[in-house]
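# Structure assessment
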Amino acid sequence: MTDAKKQAALDYHSQPIPGKLSVEITKPTSSAKHLALAYSPGVAEPVREIAKDPENAYLYTGKGNLVAVISDGSAILGLGNLGALASKPVMEGKGLLFKRFAGINSIDIEVNAESPQAFIDTVARIADTWGGINLEDIKAPECFEIERALVEQCNIPVFHDDQHGTAIVTAAGMLNALDIAEKKLEDARIVCLGAGSAAIACMKLLVACGAKAENIYMLDRKGVIHSGRDDLNQYKAMFATETDLRTLDEAIEGADVFIGLSGPNLLSPEQLKKMADNPVVFACSNPDPEIHPDVANETRPDVIMATGRSDYPNQVNNVLGFPFIFRGALDVRATRINEEMKVAAVHALKDLAREPVPQDVLDAYEVDALEFGRGYIIPTPMDARLLDRVSSAVAQAAVDTGVARRPYPSHYPLTRVEDVYGG
Ligand SMILES: O=C([O-])CC(=O)C(=O)O
Ligand SMILES: [Mg+2]
């Protein structure tokens, strides 16, 4: 980023007041009568009701539309382990997106935990107060055990966004990109640079969507993950292939797809040149991709290019997923976010990209046209139709698979965030 852009980012966060979120009051407070309802003695009534039946928390408190965004700061974006407090701008940012795109209230919680177990215990103890928990920017492999334990211990959706949000959006974009390249996921040779939480979840979901595990070459810092290595954790080991290839240089030769979930500038123009025709490149490291889109487009005019960034076309970023996935899950009081709900979100995103784009979206991006093709493989985050399409698909899948504790919402389809509480 230029110095001016860096300063603009700092000013955005500090002005006119520090931070990106604030709390608002939803009830009248202009008289002593109001205070007697809001606080002593009136507040005792909902307390008694909730003590009788915890479900009443959904009726008398904000629980049902409240998501905790929780991190330990151990894998902030593609920046690394910078500690809990430094992750706060990202977690506030997730809260901004939850509210702006899906009308969900959220509070960010940054936990200094000395071990995964300490993190699990901290979150488990505060879990009941939320409608859902979004885990964010927690490093692998600890994130897998943390999520598994919390899903088991909590009766509300617990979702590690960097795994599943990223995987859902990547899978949707990939199905469309390969269609445009006239290739099939089943046949695609895929190179995945990175073996962290997002990489492992993306590859698992791509395999669930039809990719062949033997066509996937995953690389960590030491190179290709192959069956001869004895330094692999159980998660990486799932992607160990029988191969003589050892480096990115070797693996990229003839590859149809490059997915980067690692760090900045790790794919060179020379490596991109070695890929097959119409190469699909998802350089998703944030904020700086594995190859800059300008460099990629210059190197290969036939590239189908996506990044995680808001300032280039084809933004493959979990913002297209987590606000709406939680919206759908909260609205049917799902006990968890299961595989069927994730796959429903993939298809909703994939299909929406094939529909004509409304004028307000074109205006938001200051373009004359966006048409399904190389430059538009996935809906943009500013597309208001996401609220309806993804949330309803997720809610329906929750109902169909028996994890919903409420019926499909009668106030759906949602067209505006103002309508999320129903009529
Ligand atoms: O915050 C973003 O832009 C996407 C994300 O979750 C990450 O990179 O960790
Ligand atoms: Mg993240």
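Keep in mind the model is a prediction, meaning the values are calculated, not measured.

Conventions we followed
- Residues numbered from 1 in each chain as written.
- Chains lettered and ligands numbered in written order.
- Predicted model: local features only at pLDDT ≥ 70, side-chain atom pairs only at ≥ 80, totals over all residues.
- Heavy atoms only, no water.
- Helix = DSSP H or I, 4+ residues; strand = E, 2+ residues; numbered from the N terminus.
- Buried < 20%, exposed > 50% of the residue type's maximum accessible area, 1.4 Å probe, protein only.
- Salt bridge = Lys/Arg side-chain N within 4 Å of Asp/Glu carboxyl O.
- UniProt positions renumbered as here; feature names shortened; annotations may be inferred.
- Contact = heavy atoms within 4.5 Å.
- Polar contact = N/O pair within 3.5 Å; in protein donor to acceptor, adjacent residues only side chain to side chain.
- Core = buried A, V, L, I, M, F, W, Y, C linked by side-chain atoms within 4.5 Å.
- Domains from an automatic or database assignment.
- Pairing = 2+ DSSP bridges.
- Axes fitted to C-alpha atoms, helices over the stretch in contact; angles between N-to-C directions.

Each neighbour pair has its own omega, and for Gln15 with Pro16 the value is -10°, a cis peptide bond. Note on placement: Pro16 falls in the loop between helix H1 (3–14) and helix H2 (32–38). With an omega of 0°, the peptide bond running from Ala140 to Pro141 counts as cis. Here the phi dihedral of Arg333 falls at roughly 50°; this positive angle occurs in a residue that is not glycine. As for its position among the elements, Arg333 is in the loop between helix H14 (322–331) and helix H15 (339–352). Taking relative accessible area as the criterion, Arg333 reaches 17% and is therefore assigned buried. Despite not being glycine, Glu366 has its phi angle at roughly 55°, a positive value. With respect to the helices and strands, Glu366 occurs in the loop between helix H16 (359–365) and helix H17 (385–400). For Glu366, a relative accessible area of 74% gives the class exposed.

Our next topic: the pattern of salt bridges. Counted according to the given criterion, the structure contains 30 salt bridges. Between Lys88 and Glu110 there is a salt bridge; the shortest N-O distance is 3.9 Å. Of this pair, Lys88 sits in helix H5 (residues 88–102) while Glu110 sits in strand S2 (residues 105–110), placing them 22 residues apart in sequence. Classification of Lys88 as partly exposed rests on a relative accessible area of 29%. Residues Lys274 and Asp249 are paired through a salt bridge, measuring 3.3 Å at the closest nitrogen-oxygen approach. On the criterion of sequence distance, the pair formed by Lys274 in the loop between helix H12 (269–273) and strand S9 (280–283) and Asp249 in helix H11 (residues 248–251) is long-range, its members being 25 residues apart. On the basis of relative accessible area, Lys274 is assigned to the partly exposed category, the value being 28%.

Turning to the UniProt feature "active site" (unreviewed entry) in the protein, a few remarks are in order. As recorded in UniProt, the feature "active site" (unreviewed entry) lies at Tyr39 and Lys94. A maximum C-alpha distance of 30.6 Å among these annotated residues, which run over 56 residues, shows that they spread across the structure rather than meeting at one spot. Position of Tyr39 relative to the elements: it lies in the loop between H2 and helix H3 (44–52). By relative accessible area, which is 63% here, Tyr39 ends up exposed. Excluding residues within four positions of it along the chain, Lys94 makes contact with Val69, Glu136, Asp161, Asn318 and Phe322. Of note is the side chain of Lys94, whose polar atom sits 3.4 Å from the side chain of Asp161.

Membership of the largest hydrophobic core comes to 105 residues, with the highest contact counts inside it found for Ile133, Ile190, Met203 and Phe282. Each of domain 1 (18–156) and domain 2 (163–423) gives at least three residues to this core. In contact with Phe282, other than residues within four places in its own chain, are Thr170, Gly173, Met174, Ala177, Phe258, Ile259, Gly260, Ala306, Val316 and Ile377. Among the nonpolar cores identified, the runner-up in size contains 19 residues, and Phe258, Leu267, Val281 and Ala296 belong to it.

Here the focus is the sheet that holds strand S4 (residues 158–160). The strands making up a sheet associate through backbone hydrogen bonding, with each pair oriented either parallel or antiparallel. Strands sit in the order S2-S1-S3-S4 across an open sheet of four strands; the sheet is parallel. Two strands in the sheet have a free side with no partner beyond their single neighbour: S2 and S4. Taken over all neighbouring pairs, the strand axes of this sheet differ in orientation by 20° on average, direction set aside. Sheet topology note: the strand S1 (residues 66–71)/strand S3 (residues 132–135) ladder contains four bridges and is parallel. Counted as the bridge partner of Ala68 is Ile133 from S3. Of the strands in this sheet, S1, S2 and S3 are in contact with helix H6 (residues 116–126), which crosses S1 at around 165°.

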